[in-house]
Amino acid sequence: MDGLPTPLRCFREHHAAEKFADDGAETVTSVEQKKVECSIEEVTSVYKQIHNIPQPTLLREQHYQYLKKGLRHLSDAYECLDASRPWLCFWILHSLELLEEPIPSTIASDVCQFLARCQTSSGGFAGGPGQHAHLAPTYATVNALCIIGTEEAYSIINREKLLDFLWSVKQPDGSFVMHVGGEVDVRSAYCAASVASLTNILTPKLFEDTTSWILRCQNWEGGLSGVPGLEAHGGYTFCGMAAMVILGKEHMLDLKALLRWVVSRQMRFEGGFQGRCNKLVDGCYSFWQAGLLPLLHRALFKDGESTLSRQQWMFEQQALQEYILLCCQNPTGGLLDKPGKSRDFYHTCYCLSGLSVAQHFGSLDGPHELILGREENRLAVTHPVYNICPEKVAQALEHFLRLPVPEDNRQRGASEQS
Ligand code: FPP
Ligand code: ZN
């Protein structure tokens, strides 16, 4: 069966034995957990009753229409994301590439022109025109431009200035602040490493001490926290691990402890992932948590681990696909956190990204698919480090590797001094 798709046509049985047991000690948390399990039981049984053939279906057309509309018109509900507009571009464009829906060239060009207006004189990108540069929208912008992948898109990035910006947020201990005068956490190390590696401006000096700072974020649980000393969380763990992979030092993490922590975050009954211990399932962790498994698989393989599967990641890929397809789809398009929640572009992007990870296994032996439901449920593959399609990563690297790495005699705070 190597390399051939494995058809998964039927649902898993939802066993009551997998439900949360409070051992007679009811708490606010245990009550919430039970409510979520009930809602999932309801949603899945309704689905099985409505559909004669129990095949979960990805609502492609509905998601496509929802995403297409979002590129031009956003409802008032998105007002609160006025400082995250490049994120909206990335979430929508990446969802469309996962659905293998081409982006019309006029829309691509309009998005480029909008993102160009978000680049500030500091070299970073802001959450909207006229705002301050910040590492998170800088990451989202570079990813969105790489998805578009045209000369127009690449040429928007002023690499010399972007390097200035990265230096302006670098800290003496190796960490990065999210923006000048802002907070430090491990997201910034990933955002900086991601944009620097994609655009070929990564210099060893810029990331001096960064890996030792990230290592301090791995705690006794096995996962990573936002800053040293806090609780492990999937969002930060993904950022820390992916940054370590980009910087070539992933073997320095305690990979086995990380593996144990992340696989324990997949919920027994729900099939989806929680972000941290004792919290509720949420569709977006389908990427932040399950996306760690391809990174861990490769890291353990590089470390000489000989017992690794050549067909499957080390999580329940079928259970995650069921959670996403049965519990996270809005019937009119868009995906969501859990039953009862509203759809949004963030959850649409990360539910689809996680679904892609759960469908596609990739190793040196070649790919192996595990598609739950119909053939049409198959999504494109996503790159586990950057979360854009691998061809777009390769194309961007090919483009930027032809350009010289800017000379780096900058120092921390260089852009403020000049
Ligand atoms: C907890 O929210 C969420 C966080 C503390 C941050 C999550 C971080 C990410 C998703 C990574 C972001 C990545 C980049 C590249 C910027 P909560 O307390 O509402 O959720 P919970 O109950 O599920 O823990
Ligand atoms: Zn979420």
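Our structure's up above, just so we're on the same page.
Everything numeric here is computed off the predicted structure, so don't read it as measured data. (Residues numbered from 1 in each chain as written. Chains lettered and ligands numbered in written order. Predicted model: local features only at pLDDT ≥ 70, side-chain atom pairs only at ≥ 80, totals over all residues. Heavy atoms only, no water.)

S.K.: Would you explain the environment of isoleucine 214 in this entry?
M.R.: Its location among the elements puts isoleucine 214 in helix 9 (residues 210-215). Residues contacting isoleucine 214, with those up to four places away along its chain left out, are Val186, Ala189, Leu224, Gly240, Ala243 and Met244. (Helix = DSSP H or I, 4+ residues; strand = E, 2+ residues; numbered from the N terminus. Contact = heavy atoms within 4.5 Å.)

S.K.: Where do I start with the coordination of the zinc ion (ligand 2) in this structure?
M.R.: For a metal with four tetrahedral donors the ideal donor-metal-donor angle is 109.5 degrees, whereas six octahedral donors ideally subtend 90 or 180 degrees. Protein-derived coordination of the zinc ion (ligand 2) comes from Asp282 (OD), Asp282 (OD), Cys284 (SG) and His347 (NE2), at a distance range of 2.1 to 2.5 Å. The site at the zinc ion (ligand 2) holds 4 donor atoms, and with the angles between them running 57 to 125°, its shape is irregular. (Donors = N, O, S within 2.8 Å, 3.2 Å for Na, K, Ca; no water. Tetrahedral: all angles 85-135°; square planar, octahedral: opposite > 155°, others 65-115°.)

S.K.: Would you explain the nonpolar core in this entry?
M.R.: Soluble globular proteins tend to bury their nonpolar side chains together. Membership of the largest hydrophobic core comes to 124 residues, with the highest contact counts inside it found for Phe90, Leu135, Leu166, Met241, Leu296, Phe315 and Tyr350. Considering each element in turn, this core owes the most residues, 10 residues, to helix 5 (residues 135-148). Residue contacts for leucine 135: discarding those within four places in its chain leaves Phe165, Leu166, Val169, Phe176, Val177, Met178, Ser188, Cys191 and Ala192. (Core = buried A, V, L, I, M, F, W, Y, C linked by side-chain atoms within 4.5 Å. Buried < 20%, exposed > 50% of the residue type's maximum accessible area, 1.4 Å probe, protein only.)

S.K.: Just checking my understanding: could you explain the pattern of salt bridges for this structure?
M.R.: A side chain with one charge may pair with a side chain of the opposite charge, provided their charged atoms come close. Inspection of the entire model under this criterion finds 14 salt bridges. The shortest N-O distance in the salt bridge between aspartate 22 and lysine 34 comes to 2.7 Å. One end of the pair, aspartate 22, is in the loop between strand 1 (6-8) and helix 1 (28-50); the other, lysine 34, is in helix 1, and 12 residues separate them in sequence. The exposure class assigned to aspartate 22 is buried, which follows from its relative accessible area of 18%. (Salt bridge = Lys/Arg side-chain N within 4 Å of Asp/Glu carboxyl O.)

S.K.: Explain the site of ligand 1 to me, please; I cannot follow it from the model alone.
M.R.: The full set close to ligand 1 counts 13 residues, and His233, Arg276, Lys279, Tyr285 and Trp288 are the nearest of them. Take histidine 233: an N or O atom from its side chain is 3.2 Å from an oxygen atom of ligand 1. A distance of 2.7 Å is found between an oxygen atom of ligand 1 and a side-chain nitrogen or oxygen belonging to tyrosine 285. Against a free-state accessible area of 640 Å², the protein chains account for coverage of 70% of ligand 1. (Near = heavy atom within 4 Å. Polar contact = N/O pair within 3.5 Å; in protein donor to acceptor, adjacent residues only side chain to side chain. Areas by Shrake-Rupley, 256 points an atom, 1.4 Å probe, with all protein chains shown as cover.)

S.K.: How should I be thinking about the pairing of strand 2 (residues 360-363) in this particular structure?
M.R.: Here is the key point about a regular strand: its side chains alternate between the two faces of the sheet. Sheet analysis places strand 2 next to strand 3 (residues 366-372), joined by 4 bridges and oriented antiparallel. Considered in strand 3, the bridge of glycine 362 is made with proline 367. In this structure, the hairpin formed by strand 2 and strand 3 is closed by a connection of 2 residues. (Pairing = 2+ DSSP bridges.)

S.K.: When you look at unusual backbone geometry in this model, what are you seeing that I'm missing?
M.R.: Residues other than glycine predominantly adopt negative phi, and peptide bonds predominantly adopt the trans conformation. Backbone geometry places glutamate 100, a non-glycine residue, at a positive phi of 55°. Inspection of the secondary structure puts glutamate 100 in the loop between helix 3 (85-98) and helix 4 (105-118). Given the relative accessible area of 56%, glutamate 100 is considered exposed.

S.K.: Which parts of the structure should I look at to understand the side chain of threonine 44?
M.R.: Structurally, threonine 44 can be placed in helix 1. In this structure the side chain of threonine 44 is engaged in a polar contact, spanning 2.8 Å, whose partner is the backbone oxygen of isoleucine 40. Of the polar contacts made by the side chain of threonine 44, one reaches the backbone oxygen of glutamate 41; its length is 3.1 Å.

S.K.: Hey, could you run me through helix 8 (residues 186-198) in this one?
M.R.: Every α-helical turn comprises 3.6 residues, leaving residues that sit three or four positions apart pointing alike. Here helix 8 spans 19 Å end to end across 13 residues, near enough to the 18 Å set by a 1.5 Å rise per residue. Here helix 8 lies mainly inside the structure; 12 of its 13 residues are buried. Those residues of helix 8 not exposed but buried are Val186, Ser188, Ala189, Tyr190, Cys191, Ala192, Ala193, Ser194, Val195, Ala196, Ser197 and Leu198. Tucked into the core, helix 8 has its buried residues touching helix 5, helix 7 (159-169), helix 9, helix 10 (234-246) and helix 16 (390-401). (Expected span 1.5 Å × (residues − 1).)

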